[in-house]
Every structure is written in C-alpha cells, then in structure tokens.
Amino acid sequence: MRVTIAVDAMGGDHGLPVTVPAVSKFLAATPEAQVVMVGLAAPLEAALAALDKTLRARITVRATSEIVGMDEPPTDALRHKKDSSMRVAIDLVKSGEAQACVSAGNTGALMAIGKFVLKTLRGIDRPAIATQLPNTRGVSTVLDLGANVNCSAEQLLQFAIMGSALTTAIEGNDNPTVGLLNIGEEETKGNEVVKEAAELLKHSGLNFYGNVEGNDIYKGTTDVVVCDGFVGNVALKTSEGLVQMLYKFLKDEYTRNWRSRLAALISYRVLKSFKSRLDPRRFNGATLIGLRGVVVKSHGSADEMAFEYALHKAYREVAHGMLDRIAQRIEAVSAQLPSVALPDAERAD
C-alpha cells in the first residue's frame, strides 16, 4: 500500500542528524512508502544531498521558517508558529497530502496542534497517548500515558475501543483482550470511576478480561491495558527507571573485578540478547490516538534506530486501517451500549 508520511525533520533533541538517516533506512526497508520532510530548507537540503539518488527521489521537501522548541509552551506553538515544521507536517495530514505525521518534538505542542488541526474522531471525546510495552508474551498496548489526567468512565471506555483497534492494526490480533488497570483484580477494588468503567466494558462487546494490576502489564495478561493519564504516566516512568536501574546493576556487577569481567565475556551473547529484548528503541513511538489522522510521537532523545521504529509504526497504522477500525469498533460498541452517549461531533478541545 502506498503511504506518504510527513516527518517533522527539525523536531527532537537532535533534529536532522537523526531524522534524515532514519528516513533513509525506513525507505530502504519499505518500498511502498514515501516521505515529505518538513523543515528549514537550506540545512534540510544539505542533509539530504548525501542520500542515495533512488531514495532521494521518494522524498519531497516542504520548506518552513520556524521550529517548535522542546520546552516551548504548547499555546505559544499553537498560536504563534503556524509555519513551524511541526505544524506544517500536521497540516499535510489534514489536507490529505500525507496519511501520517511523525515528530520527535515537544509532546504538549504536538498534542495541542494535532487536536486543533485534525480534531477528534466521531465518538471520541479526548485523544490519548498509547504505546506498546514489552511483556513475556510479546507486547501490551497501554493507554493513556499522560494526555488526560482526569477521565470519566465513558472516556476510559473510549480508550479501550481505541487501544483494541490499535492492537489489531499493529499486531494483527482481531480480538485483543482488554484489561482495566486497577489496584486489585476484585470487582470491589478501585474508585467509582474505575468501577463504572468496568461495568461499561463488561457490556461493550469488547473482549474485556476484567481488572488487571501493574505487574500484569509485563506478564502479558491482556493485550490492551487501559487507565487514566496520571496512572499511565507514573507506570511508564517507573518502568523506564526500573530498566535503567537493572542495566546499571548488571554493569556494576560485571565490572567489579577480573573474575566478573571474565564472566561477562563468557556470557556476552546472553547479555546482548537480554539488552536487545529490553531496548527501549525497539518500542519507540507513541500514538496520539483519537485524532482524525495518524500522528506518532517519537521520544525527543531518539537516535536514528529509534526514530526509524516510529516511522514503521506510523506506516503500519495507516496500512492496516487503524482509523477505520476505530470507527467500526465505536459503531459496534454504540450498538451494544445504546444508553451511553459517545461524542457525536468533531472536537478541538
């Protein structure tokens, strides 16, 4: 399937030294893809000049005059930088010139601009941030990871619909299980919003497993884990900190003396495999799900390997019709829960 991806070439901590080589590798691995690189004309053209001519022919440049800073207030980026590389990349999705946007830039600004320009899908109140985390069986799709601190039961239901559709598009699982993140598996656990959400999910027609706890994310108990953005962001950052701590502990132990260094040499292949399985670059790319277009947020500090993974994620979401799958699931859930009024109008706030 022919897919065009708009890339915010200037976004992130590194900008062109990461986005250009990542796009080159992505195009080499994905013959059906095309890319629109959006950014400052002179440095962008200079960076692209070294690429293979065949790959360069599949890249279009859209020149802009502004860049959104990583610490810039989202409202300033939205109101005052209409010719930024981030804004124009999203505009290309709105116009249909691209089917997806990938940016490593300011998360708050990307969400604000995405909501304003693209609006939300019919039946979705608020977009959410979703990503895949590794587990013992493969990956778990988790959302929301920080976009919505306070959520209603209906919004948690919407997150479940979107997460289910995303898992189908990314993983090819037509009937993914959905878990509601809670402080216990019992139905009596949790606050009133979570209890109400559980009741809605039971009758939604989705493959609802029930309540799950934090450790279930990494057990792979369910394919999708739903929570509000406050809980999700804490869980994500805690997980990232744990992985960093484990890396440090292993390094400390294996470099303690000559015997441990010898043991490290003997077990090098095992350690390399372990590191690869937990390498966060392989899971880079969070989907701003619920917008009327595919927008994938790469980590700001991503290197070229990580950014390439974000590009592949955006491509799969488009190629496998994620937006259509969300619409179909919304329609099916609405039929199961006619008393629940899902938003019917496009929204920008």
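Scroll up to find the structure this text is about.
Residues numbered from 1 in each chain as written. Predicted model: local features only at pLDDT ≥ 70, side-chain atom pairs only at ≥ 80, totals over all residues. Heavy atoms only, no water.

A.B. asks: Please clarify how the layout of surface pockets should be interpreted in this entry.
C.D. replies: A water-sized probe, rolled over the atoms, reveals where empty space remains. Here the second largest pocket is characterised by a volume of approximately 260 Å³. Leu181, Asn191, Val194, Asp228 and Val231 are the residues nearest the centre of the second largest pocket, which is lined by 18 residues in total. Put simply, the parts of the chain that give the lining of the second largest pocket at least two residues each are β7 (177–181) and α8 (192–202). Taken together, the residues of the lining of the second largest pocket break down into eleven nonpolar, five polar and two charged. (1 Å grid on protein atoms, 1.4 Å probe; cavity = no way out; pocket = protein on both sides within 12 Å on 5 of 7 lines; lining within 4 Å. Points joined across faces, edges and corners; volume = space filled by probe spheres on them. Helix = DSSP H or I, 4+ residues; strand = E, 2+ residues; numbered from the N terminus. Nonpolar A, V, L, I, M, F, W, Y, C, P; charged D, E, K, R; others polar.)

A.B. asks: Explain unusual backbone geometry to me, please; I cannot follow it from the model alone.
C.D. replies: The phi torsion of most residues other than glycine is negative, and most of the peptide bonds are trans. Between Leu143 and Asp144 the backbone carries a cis peptide bond, its omega angle lying at 5°. Note that Asp144 resides in the loop between β6 (139–143) and α7 (153–171).

A.B. asks: Even after reading the chapter, I still don't get empty space enclosed by the protein, so can you show me in this structure?
C.D. replies: For the coordinates displayed, the defined rule picks out one cavity of 30 Å³ or more. Each pocket or cavity is described by its volume, and for the largest cavity that value is around 40 Å³. Lining the largest cavity we find Gly11, Gly12, Asp13, His14, Gly15, Val18, Thr19, Ala104, Gly300, Ala302 and Phe307. Here the residues of the lining of the largest cavity sort into four nonpolar, six polar and one charged.

A.B. asks: Can you help me understand the environment of Val296 in this one?
C.D. replies: Among the structural elements, Val296 can be located in strand β11 (residues 294–297). Taking the C-alpha atoms as reference points, Val296 and Leu78, separated by 218 residues in sequence, lie 18 Å from one another. Sequence-distant contacts of Val296, defined by excluding residues within four places in its chain, comprise Cys101, Val102, Ser103, Gly285, Ala286, Thr287, Ala310, Ala314 and Glu317. (Contact = heavy atoms within 4.5 Å.)

A.B. asks: Sorry, what's going on with the sheet that holds strand β2 (residues 33–40) here?
C.D. replies: The strands that make up a sheet pair up through hydrogen bonds in the backbone, lying either parallel or antiparallel. Read from one edge to the other, the open sheet built from eleven strands follows the order β3-β2-β1-β4-β11-β10-β5-β6-β9-β7-β8, with strand pairing classed as mixed. Edge strands, defined here as strands with exactly one partner in the open sheet, are β3 (59–64) and β8 (207–212). If you compare each strand with its neighbour and ignore which way they point, the axes differ by 25° on average. With respect to the sheet, helix α6 (residues 107–118) is in contact with β4 (100–103), β5 (128–134), β10 (286–289) and β11, its orientation differing from that of β11 by roughly 175°. (Pairing = 2+ DSSP bridges. Axes fitted to C-alpha atoms, helices over the stretch in contact; angles between N-to-C directions.)

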